[in-house]
Every structure is written in C-alpha cells, then in structure tokens.
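# Report on the structure
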Amino acid sequence: MFFNSFAFAIFLPIVFVLYWFVFNKNKTTQNTLLIIASYYFYSCWDWRFLFLLVFSTFLDYYTGIRIEKSQKESGRKFWFWLSIGVNLGFLGMFKYYNFFASSFAELMQGFGLKSSPFLLDVVLPVGISFYTFHGLSYVIDIYYKRIKAEYNFVDYSLFVSYFPLLVAGPIERATHLLPEIKVKREFDLEKAKEGIYQMIWGLLKKVVIADTCATYANAIFDNYHSMNSLSLILGAVYFAFQIYGDFSGYSDMALGMSKLFGLDLLRNFNYPYFSRDIAEFWRRWHISLSSWFRDYLYIPLGGSKGGLWVKIRNTFIIFLVSGFWHGANWTYVAWGGINALYFLPLLLRKSNRNNIDIVVLDRNWESVKAIGNILLTFALSCLAWVFFRAKTIADAVSYLKQIVTNGHFTSQYLANERYNYELLIMVLLFVVVEWNNRTKEEPISGKYQSIKLAFCLAAIMALGTYSDYKEFIYFQF
Amino acid sequence: MKQFLGFTIKTIIIIVVLAIILDYCYTSVYLQSNNRNKIEYVYNSKSRNYDVVILGSSRANNHFVTEMFEQKGLKTFNYGMSGGHLFEADLMLKLMLERNYKIKTVILEADLNLSNDKRSETVAAKFLPYIHDSEIIKKHFLNEADFNYLYYLPFYRYVNFDGLIGFREFYKTLSRQPTNVLDKGGYHALGNKKGNMKNNIRALKPLKNKYYEEIKSICVANKINFIAVMTPMCENTKGIDYFDKVKKAYPEIHNYENVVVEDKFFSSCGHMNNAGARIFTARIINDFFTE
C-alpha cells in the first residue's frame, strides 16, 4: 500500500475519522488505533514480516527496561549488546548476508579457489533499515542515560511502528517522538491544513517530478553506451531530481499525514540542492539519517575532537557506512566514499560549518559566488549520483568516461520515445518554485493558498506519470 | 473540526472542478484532430469510399502494402494498428460504418490475435476521449470491468492512460504536430534486424473470439466482402501448429503463414520487413483481386 495508491487514499481518511471521532477519548485509545492501523498497513506489504516488526519492538522495549533496571554495569552491558547484536543480526541477515557471501566467493575465486556460497532465498523486509534504527537509537540513548526507558508497551510500539514513518522514515528519535506520543493529541486546524498542503506537495514531487524524471533517467542509464555527452549529463541531472522528488516527496507525505494526527515528525529534507558546499548538502539531505550517524557513530568514534587522522577516519567511516546502509552493493559504498572525498577539503580547511544559514541573494559579488557554489555542489552531487544509480561501479565509471570522450552535445531521441532535453523546462520550473519557497516546508501555504493548491492539484492530475508506475526508491532500503 | 471539514470539502470541490475542466479541454482538443493516429482519422471523418480496408494488429499494419493495392486500381487504406487486438479492429469497423464509409472488401488479419478477446491497453485508450461523444464507443466498452471509472469519473481516463492520451499527447495534438502513421496509406514498412529470429507461441490457443465473429457478421449485414487471413511467422517458431488449430476452428480463414519463410524477409519473428511484406501482398492481390 503505497502513499500514492488508491488503497491508501481510502485507508487514510478511515483512520483519520476513527482517530478523531471514535478513538479520541485519551492518548491510549489514540495510540492503540494508530498501532492497529500501522500493523495493518505493514501487513499489506507482507504479513509474514509482521512478526519481525513485533519481535524487534518487544526486544528493544524489554532490553531498554532491563538496561535501566540493571544495578551492575555488566548487566547493563549484557542487555545493551544483546539488543544491538540481535537488531544488527537481523539487518545483516536479511540485507547483507547474500552480499557478503557472494563477495567472499568472488574474492576466493580471485585467489583461484572455487566456492559456491550458500545464499538465502529471502526478500528484504520492507522498512527493516528504518525501524531497526529507531530501536537502536532508543536503546543507545537509554544505555547512555540520555532518556528513561519507556514502560508503556503501547506507547513504545507506536514509536517504532507508526505507519507514516514505518517503511521509509524519517528515522525518529525517542527523545523527539515519544514525548508527543505520551500526551493526548488535540485537533489543530492550522496544523491539519499544513499537513494536507505538505502531503499534496509531496505527492506532486513524487508523481510529477520523480516519476517523470525516472522515465528519462532510466532510458538514459539503461542505454548509456549509445548516449551522447549531453544525454548522459541530463541523465545524471534527471536522476538527481528523481531521487530527490521521490524521497523528499515521500517524507513530505509522511510529515504531512502525521500532522493530521497531531504528531510532528523530524524534518528530513531542507532544499538540499540549494546547498553551497557538500557539508551543507548533508545537513539538508536525509537529515534524520545524517544526524543519526552523527550522533550514534561519528561522535562516539571521537567526532572531530581527535587529531587530523582521527577526523579523516571518522568522516570516511560515516560516509561509507551511510552508503552501505542504502543497500548491499559496492555502488552505494562508492557513492559514500565519493561524498567523503568531497567533504575532506572542507574538513581540512575547517570550513564545513561555514554555510549554516539560508541563502539570501542580493546584487553583489557574494551572491554570484553563492550561486556558483550552489551549481558546483549540485554538479558534484550529480556526479556521485551516477554511482548510486549505476548497476556496477564499472558501469558508473564507463558512464562518466563517456561524458568526457563522446563530445556530442546534441538532442537525442531516447528509448522512452522522447527527446533528451524535453524535461528541462519542468525541472527548471520546479527549481524556481522551490527557490522562492526555500524558507518554508512547502510552497502552498501562505498567501493565495487556494490558488496555489488548485495549481498543484491540476499539475498532479495533468502532468503526473501514472501508467508507468514507479515505486518509492527508498522502500528497497 | 467543522472548519477542517469545510476545508476538506473545498479541496474536494477544487479537485472535481479541475477534473471537469481538464476533461473538457482534453476532449475538445481530441475532437478537433484527425492527423495523429488512425482512430482519430476515422472518428473525425465523414464518408469515405474504399475498395479495400485492412484491419488487424501490427501484423496487418506491417504486412499489407497499400501502395500495391492502389497500383492495382483498388482504393485501399491499411487500418492495422500496432499492439491492437480484435476488440479495436471491431470498433474501428463499427465507427467507419457509422460514418457511412462505403467499403467493398475488408481484409482482416486474424491469427495470433484470435487467442485474445480482451482490449489492447495501448490501443483501446485512444478511443476513450470520445467515449461520451459516441454511443458506439460507449457500448463497446460497456462490459469492461473499469467502464464505470472510465465513463463517470471526469478525467480518470486521461490520468489512467497518461502515457497514451495524457498531457504529452494532448499538447502534441493541440499544437498539431503530425505523425507518420497515416503516410503510405497506413502501411508501416519495417527494416531489417540483425540476429536470429525465433519465437514461441506454444502458449497461445485460438478462442471462439467474439470480436472476430462480430466483424464477420457486420460484414455480412453490410454486404462487405470479408477476407480473413493468417500472415507469416519466421521459420524458427515453436508451436507453429497454432495456425493449423486456427484453420480447424475457423475454416474460412485463409492460411498464408508459410507464404514467406526465410529470415531475410523478417524484421522480427512475427513481423516481415518491407521486402517480405511485398511478396506477401503480391500473393494476396493475386489470389483475391486478380480476375
């Protein structure tokens, strides 16, 4: 049941009505309904994996309490590592086992040793990377005494399995979401309206921008051998907007629908393509994951407090792990590694926190410089996206090599029966709308909201791609 | 909550009004066009006279060389449509007759398409802009599972088939960008392809196809000479006995499957190239139109 499906368009209003009119007596009834809805939502993907979600929830709930109650340090450590081990064990088994087994076999083959690895015939449970990280952050925070363990199982279950964020985030923190869950929500008209606007904007990003860009990006990436330089460059740009529209669109819909239930989720995207350097990009792209790795990996490793080599090591570790989090493929690791390389000069020059504020343009040299930096950062991120999108690292290298060696910058007719340049107007229009609204979460609210709403709805209806249906990319992670 | 209910109703009203406006705009544009595909070429036309009308799928579209019929003095148009099934061929014939076309002979390519009496998703959608304007099209779609959505939900058909009749096609129609579909009397010549030809049609079974039967009876009722033919497949086709099964089920269908066999005359296993199509067409003309 995708957010952009007809089934979800029925499901959401039913849950909304039940939530505010039938189960609105207290926070327990509200939470109970949301858990039932969330488990139903999850079982629509594959009911067999529901046990995994329930088990993971119960494990972290129980170990959290045991960590808090343990008198001795050894006991705390036991329960802590049990939770970490089991959580990462499940993630490793479902997501990474086959990758490691076949990579090991390939390595052995390189040494002349033939081996036929035992591979698991399992599908990746949807959302496992996300709810595992929810649970991990909770247990780690209890272990380091940042939060108290949650004794109410209903409240804790909702924190882990709340349907708007269950399958593709944002990756929530117990410190942020649990306090919201623990009080009865009262209906807030303005928040609900904002939620609707954000959902509509998210849907527009998905069906108009991402899915349309996907048809072009796929046609170019799948046939890159026969593409000229211009098509290859445009392919990377289209993919950049595809993945942005897809994932930030999903996040907007998740945040928006959550507002309908009176719950605020963590913001996941903040106009990343308007970043002036790669450090700023990572503060604006998939914020909940970046901050997760910062708080639970980078800082525990010493962060930027150690010597130069420690900083460099830590930077590479978090980018490589972040890449690997996305999927069991060397292309994701390479993508992470490239971003680490981009980050390195900023780290060495201690300029990685130079661009914190929102870009403000004026008629001066600084503004020209800012635009130049934005374009450069976007170009660098597009280059890295080629590795993210390509099937293998060799394909990505070959793709980039062909941009340089082909040298033809002419229009080209693609496999999707369209010209390579055709989508540029729509992409540019989208950029202009986002630029003019970069201080807000979505562009619909504010002045003339009814007119803007009508334009967005018309765009969704008329310009959306529906027949060439695309799933959300991040569901596979 | 009352205010939110009002807001929700307002949003729904905006959606409905937009859907009606967009539906009206798209439909109006498609009703003006007659040069982008064979369906609108028929739909937005008045009476035409033909000696020969060719109907069927791509195996009609790519196999019957209109020019060769014309050279024989036969006014001909190839209305075969790539990806089309007999559902669409039947509807095309009904629309032609509604527009008072005078047709002497219908040649129907009836072979692989007999195994399917469902609509073609890629071709049938092109009739949908006219579903409110034409009683014939409405009736033809009446038994389709999604008829109520297609007919009663404004703009649904343009959203559901956006790749075929959505914004892109609307824009091209509005800006009167022509296609080459109507060139060469509707015949589309294929070039040569490299590599070995092969196909497997073992899974296909000829049905008692209701649209085939309907085409046949329409021709009888309108005194149109009806010729149904099977057209060639490449040599390396597994399950080629399918054509014998068709002959058994429908003895009146002429089996021309093995008129052209060599790979050099094929573009793909199920589609002859221009050279193959010319050999095949010459044989058809010789057998049916030479006194």
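The structure displayed is predicted, hence computed values, not measured ones. (Residues numbered from 1 in each chain as written. Chains lettered and ligands numbered in written order. Predicted model: local features only at pLDDT ≥ 70, side-chain atom pairs only at ≥ 80, totals over all residues.)

## Regarding the pairing of strand E3 (residues 102–109) of chain B
With 6 bridges joining them, strand E1 (residues 49–55) of chain B and E3(B) adopt parallel strand pairing. Opposite Leu55(B), over in E3(B), you have Leu108(B) as the bridge partner. (Pairing = 2+ DSSP bridges. Helix = DSSP H or I, 4+ residues; strand = E, 2+ residues; numbered from the N terminus.)

## Topic: the environment of Lys148(A)
Considering the arrangement of structural elements, one finds Lys148(A) in the loop between helix H5 (128–143) and helix H6 (153–161). Assessed through the 13 C-beta atoms surrounding it within 10 Å, Lys148(A) is described here as partly exposed. (Buried ≥ 20, exposed ≤ 12 C-beta atoms within 10 Å, placed from the backbone.)

## Here's the deal with the nonpolar core
Residues Ile200(A), Ile220(A) and Leu55(B) are the most contacted members of the largest nonpolar core, which totals 199 residues. If one sorts the elements of this core by residue count, helix H9 (residues 189–221) of chain A sits on top with 19 residues. Looking at which domains feed residues into this core, each of domain 1 (6–186) and domain 2 (191–276 + 355–476) of chain A gives three or more. (Core = buried A, V, L, I, M, F, W, Y, C linked by C-beta atoms within 7 Å. Domains from an automatic or database assignment.)

## Brief notes about the interface of chain A and chain B
Residue-level contacts link 18 residues of chain A with 17 residues of chain B. Contributing elements (two or more residues each) for the side of chain A that touches chain B: H9 and helix H18 (449–463) of chain A. Looking at the side of chain A that touches chain B element by element, the count peaks at 7 residues for H18(A). For the side of chain A that touches chain B, the per-class residue count stands at 13 nonpolar, 3 polar and 2 charged. (Contact = placed C-beta atoms within 7 Å. Nonpolar A, V, L, I, M, F, W, Y, C, P; charged D, E, K, R; others polar.)

## Topic: the sheet that holds strand E5 (residues 225–230) of chain B
Residues and elements named next belong to chain B. Taken in spatial order, the 5 strands make up an open sheet running E2-E1-E3-E5-E7, and their pairing is parallel. Bordering the open sheet on either side are strand E2 (76–78) and strand E7 (254–255), each of which pairs with just one other strand. Pairing between E5 and E7: 2 bridges, direction parallel. Bridge pairing in E7 places Val-229 opposite His-254.

## Notes on the UniProt feature "transmembrane region" (unreviewed entry) in chain B
UniProt feature "transmembrane region" (unreviewed entry): in the numbering of this structure it lies at residues 12–31 of chain B. The straight-line gap between the two end C-alpha atoms of residues 12–31 of chain B is 28 Å; of that span, 100% is helix and 0% is strand. (UniProt positions renumbered as here; feature names shortened; annotations may be inferred.)

## Quick look at the domain arrangement of chain A
Residue and element names in this part refer to chain A. On domain assignment, one finds that chain A holds domain 1 (6–186) and domain 2 (191–276 + 355–476). Relative placement of domain 1 and domain 2: their C-alpha centres are 29 Å apart. Taken together, the contact between domain 1 and domain 2 spans 17 residues of the former and 17 residues of the latter. Of all the secondary structure elements, the ones that give two or more residues to the side of domain 1 that touches domain 2 are helix H1 (6–22), helix H7 (163–166) and helix H8 (174–181). Among the elements that line the side of domain 1 that touches domain 2, the one with the most residues is H1, at 3 residues.

## A closer look at the packing of helix H10 (residues 229–260) of chain A against helix H15 (residues 365–389) of chain A
Relative orientation and spacing of two packed helices are given, respectively, by the angle between their axes and the distance between those axes. Residue and element names in this part refer to chain A. Contact geometry for H10 and H15: axes closest at 9 Å, N-to-C directions at 80°. Taken together, H10 and H15 sit at an angle that is classed as roughly perpendicular. Every residue of H15 that contacts H10 at Ala-236, Val-237, Phe-239, Ala-240 and Ile-243 is listed here: Ser-381, Cys-382, Trp-385, Val-386 and Arg-389. A class-by-class count of the residues in the contact of H10 with H15 yields 8 nonpolar, 1 polar and 1 charged. (Axes fitted to C-alpha atoms, helices over the stretch in contact; angles between N-to-C directions. Parallel < 35°, antiparallel > 145°, perpendicular 65-115°, else oblique.)

## Structural notes on H18(A)
Over its 15 residues, H18(A) runs 20 Å from end to end, which matches the ideal 21 Å to within 8%, given 1.5 Å per residue. Buried residues belonging to H18(A) abut H9 of chain A together with helix H1 (2–32), helix H9 (156–160) and helix H11 (167–174) of chain B. (Expected span 1.5 Å × (residues − 1).)

## Regarding the UniProt feature "transmembrane region" (unreviewed entry) in chain A
All names here are of chain A. Sites flagged by UniProt as "transmembrane region" (unreviewed entry) map to residues 6–22, 34–58, 78–97, 118–144 and 370–388. Its end C-alpha atoms 17 Å apart, residues 34–58 is made of 88% helix and 0% strand. In residues 118–144, the share of helix is 59% and the share of strand is 0%. The end C-alpha atoms are 39 Å apart.

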